[in-house]
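Observations on the model geometry
Below, each chain spelled out in residue letters.
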Amino acid sequence: MIIYPAIDLIDGKCVRLSEGDFDRVKEYNADPLDMAKQYEDAGLTHLHLVDLDGARNKKVTQFKVLERLSNHTNLIIDTGGGIQSEDDLRVVFECGASQANIGSKAVNDPETFEVWLLKYGYERLIFAADVRNMLLAAHAWKETTGIHIFELVDRFLNHGLQYLTCTDISKDGMLQGTNLDLYKSLIDRYPDLNVIASGGVHHLDDLHQLKEISCHGTIVGKAIYENKILIKDLIQFQTI
């Protein structure tokens with residue numbers, strides 16, 4: 001399982017939201033590059049970077065931070081938040097992202113996402129599915145659609161989808177444990193898909209359980225900042 005430590009950004013600062021609510025934001029006194037270097041020094045190889053300004057403004061905003069992290073670490077960075085156009089996609093790749101998480105655009109304009117899968121390569125694009133009760137949400141989690149996650153994943157698999165990041169919004173930032181049933185249902189239904197779990201990880205036991213059900217990867221965010229999980233303890237889960 002790959003561990004993806006998360007850095008969420010507002011105004012270039014490390015923050016965490018609770019259940020995706022911008023009115024429930026907590027800022028941490030940590031420089032994004034310092035955090036990234038701590039992850040790298042601990043032996044981790046990947047980083048999940050979230051542009052919350054971009055998600056709210058529907059346009060990639062924190063690309064300079066992405067470029068800084070890419071230029072000063074060897075971490076494999078996937079990024080998301082605000083990627084709504086091909087220009088946005090080009091910017092994040094030019095600034096050093098190895099993979100781009102596409103959420104709202106894929107939900108609201110699946111045809112374009114399918115074109116991007118073909119043009120940029122299945123290994124570079126991740127479908128970022130944010131869900132409440134298995135229904136997809138969009139635009140910084142403010143809009144809940146009536147679309148079941150299976151509906152779009154089934155569709156995108158027919159166009160070569162290889163990576164899925166799935167966030168249970170009700171769990172995200174709450175430090176109350178992960179939705180194991182959600183990820184097990186996805187892995188059982190899509191055994192060849194690389195499923196990345198996101199939301200709720202608060203203890204090493206969560207990671208043990210996700211590894212047991214063969215999650216491709218797990219995103220860990222607030223638990224690190226709140227010292228529920230120590231960075232040095234994450235490497236034991238990482239196998240590539």
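See the structure above.
On to the overall build of the chain, then. Looking only at helices and strands, one finds ten helices and twelve strands in the chain. Expected size for 240 residues packed as a compact globule is a radius of gyration near 18 Å; at 16 Å, the chain falls within 12% of this value. Looking at the 240 residues of the chain, the share that counts as buried comes to 56%. Excluding contacts between residues fewer than 6 apart, the proportion of contacts in the chain whose partners are at least 24 apart in sequence is 67%. By element, 44% of the accessible surface of the chain is carried by carbon and sulfur atoms, the whole surface being about 10300 Å². Distance from the positive charge centre (24 side chains) to the negative charge centre (36 side chains) of the chain: 3 Å.

What follows is about helix α1 (residues 32-41). Buried residues of α1: Pro 32, Leu 33, Met 35, Ala 36 and Tyr 39, and no others. Mapping the buried residues of α1 onto a view down its axis gives an arc of 160 degrees, with all of them on the same face. Taking the backbone nitrogen of Leu 33 as reference, a side-chain oxygen 3.0 Å away marks Asp 31 as the first, capping residue of α1. Just downstream of α1 lies Gly 43, where phi reads positive at about 100 degrees.

Enumeration over the complete set of coordinates arrives at five aromatic pairs. Here the aromatic rings of Phe 113 and Phe 127 are separated by 6.1 Å at their centres, their planes lie at 45 degrees, and the arrangement is tilted. In this pair, Phe 113 sits in helix α6 (residues 110-120) while Phe 127 sits in strand β7 (residues 125-132), placing the two residues 14 residues apart along the sequence. A residue is classified by how much of its surface remains accessible, and Phe 113, at 0% relative accessible area, is buried. Judged by relative accessible area, Phe 127 falls into the buried class, the value being 0%. Positioned above the aromatic ring of Phe 150, the side-chain terminus of Arg 189 is 4.2 Å from the ring centre.

Most of strand β11 (residues 194-198) is tucked away, with four of its five residues classed as buried. The pairing of strand β10 (residues 163-168) with β11 spans five bridges and is parallel. Considered in β11, the bridge of Thr 167 is made with Ser 198. Bridging between β11 and strand β12 (residues 217-220) involves three bridges; their strand directions are parallel. By the bridge assignment for β12, Ser 198 is matched with Ile 219. Handedness of the crossover is the feature at issue here: the chain leaves β11, passes through helix α9 (residues 204-212), returns alongside β12, and the resulting connection is right-handed.

Each value, and the rule that gives it
- Residues numbered from 1 in each chain as written.
- Predicted model: local features only at pLDDT ≥ 70, side-chain atom pairs only at ≥ 80, totals over all residues.
- Heavy atoms only, no water.
- Helix = DSSP H or I, 4+ residues; strand = E, 2+ residues; numbered from the N terminus.
- Rg over C-alpha atoms; globule rule 2.2 N^0.38 Å.
- Buried < 20%, exposed > 50% of the residue type's maximum accessible area, 1.4 Å probe, protein only.
- Contact = heavy atoms within 4.5 Å.
- Areas by Shrake-Rupley, 256 points an atom, 1.4 Å probe, with all protein chains shown as cover.
- Lys, Arg positive; Asp, Glu negative; His and termini not counted.
- Charge placed at Lys NZ, Arg CZ, Asp CG, Glu CD.
- Arc of directions from axis to C-beta.
- Polar contact = N/O pair within 3.5 Å; in protein donor to acceptor, adjacent residues only side chain to side chain.
- Phe/Tyr/Trp six-rings, centres within 6.5 Å; stacked < 30°, edge-to-face > 60°.
- Lys NZ or Arg CZ within 6 Å of the ring centre and 35° of its normal.
- Pairing = 2+ DSSP bridges.
- Right-handed = clockwise from strand over helix to strand, strands pointing away.

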